[in-house]
Amino acid sequence: MSNWLEKQVPKVVLAPTFAAILIFVYGFIGWTAWVSLTGSRLMPRYEIEGFGQYTKLFATPRWDTAMNNLFIFGALFIIIAMVLGLLLAIFLDQKIRTEGAIRTIYLYPMALSMIVTGTAWKWILNPGLGIEATVRGWGFENFTFDWLINPDMAIYTIVLAGVWQSSGFVMALFLAGLRSVDGEIIKAAQVDGIPTHRIYSAIIIPSMAPIFLSAFIVLAHLAIKSFDLVIALTGGGPGYATDLPATYMYAMAFSRGNLGQAASSAMIMMLVVFAIVVPYLYSELRSKHD
């Protein structure tokens, strides 16, 4: 009896969670996929009409803008956050005296929500309140920093805020990787007279390839589903200058009353995430089997 209970109790405990995930995650993914194939507007319809919503989606200039912005934001956000995180990790790896305090300062932004980050950077970048107003108050009357209201530069304000939010997390990942490298290898290289920068570039950093991949997956996922940061910082504007797929989906669903378009854009976002995550999971499972 005790053996039976030992085997069955974990299943009973996990069953509600499993059922909830099955219904509220995979069930609603299936519902969204179904709606994306219908002519749903304000209310859902369930008569399948084919891929018309996807045809309309890719013919919409606003969706093109959102995807272009995602490419710009995603590429800059991932590259800058990874480079900055690596440099900060290498700096802290030098066993400096105030490492604990500096690490806490670097990690603090990650403790904030994206809404708080977006609101704070909205104040900082506001021409009438933030950097521009401050510098002009110092006497530099011709100084301008109007990225927040400039349609050509507004997307880069999202990059700034996103990097500030996430680079500390990337630093923590890389620092853990640096600390896991075999110290004997480093000592042997130092004995051979190899310069420190060569030790990092030729020995330490190449051995951290799995951590680079993990950081890339996390940052790419954050970039694709970015919504609250954009809403708090720019609201998708000026105009549609900082629209991303997530904000486009929200606008279609809750402002335009077009559930079909919202569902089709959501499915495209999911496919992009799958295109990034699935190869990673496949490589991880394959390495474990090997």
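This text goes with the structure placed above it.
Residues numbered from 1 in each chain as written. Predicted model: local features only at pLDDT ≥ 70, side-chain atom pairs only at ≥ 80, totals over all residues. Heavy atoms only, no water.

**Student:** An account of the side chain of asparagine 258 is needed here, citing residue identities and associated values.
**Tutor:** With respect to the helices and strands, the residue asparagine 258 is situated in the loop between helix H12 (245-255) and helix H13 (259-289). Of note is the side chain of asparagine 258, whose polar atom sits 3.2 Å from the backbone nitrogen of glutamine 261. Contacts of asparagine 258, omitting those with residues within four sequence positions, involve Ser40, Arg41, Gln53, Met252 and Ala253. (Helix = DSSP H or I, 4+ residues; strand = E, 2+ residues; numbered from the N terminus. Polar contact = N/O pair within 3.5 Å; in protein donor to acceptor, adjacent residues only side chain to side chain. Contact = heavy atoms within 4.5 Å.)

**Student:** Kindly report on H12, identifying the contributing residues and their values.
**Tutor:** Note: α-helices contain 3.6 residues per turn, so residues at a spacing of three or four share the same orientation. Along H12, the residues classified as buried are Pro245, Ala246, Thr247, Tyr248, Ala251, Met252 and Ala253. Glycine 257 occupies a position one or two residues after H12 and carries a positive phi of about 60 degrees. (Buried < 20%, exposed > 50% of the residue type's maximum accessible area, 1.4 Å probe, protein only.)

**Student:** Residues and numbers for the packing of helix H3 (residues 61-92) against helix H10 (residues 209-224), please.
**Tutor:** The interhelical angle for the contact between H3 and H10, taken along N-to-C directions, is 140 degrees, at an axis separation of 10 Å. The crossing of H3 and H10 is right-handed. Two secondary-structure elements touch here, H3 through Leu70, Phe73, Gly74, Phe77, Ile78, Ala81, Met82 and Leu86 and H10 through Phe212, Ala215, Phe216, Leu219, Ala220, Leu222, Ala223 and Ile224. Looking at side-chain class alone, the contact of H3 with H10 contains 15 nonpolar, one polar and no charged residues. (Axes fitted to C-alpha atoms, helices over the stretch in contact; angles between N-to-C directions. Left-handed = near helix turned anticlockwise from the far one by under 90°. Nonpolar A, V, L, I, M, F, W, Y, C, P; charged D, E, K, R; others polar.)

**Student:** Give a detailed account of the nonpolar core, specifying residues and quantitative values.
**Tutor:** Ranked by internal contacts, the top residues of the largest apolar core, which has 42 residues, are Phe73, Phe77, Ile158, Phe174, Leu178, Ile204 and Leu219. Contributions of two or more residues to this core are made by H3, helix H5 (114-125), helix H7 (154-180), helix H8 (183-191), helix H9 (196-204), H10 and helix H11 (228-233). At 11 residues, H3 tops the list of elements feeding residues into this core. Leaving out residues up to four positions away in the same chain, phenylalanine 73 has contacts with Ile155, Ile158, Val159, Ala223, Ser226 and Leu244. Listed in part, the 13 residues of the second largest apolar core include Trp63, Ala262, Ala263 and Met270. (Core = buried A, V, L, I, M, F, W, Y, C linked by side-chain atoms within 4.5 Å.)

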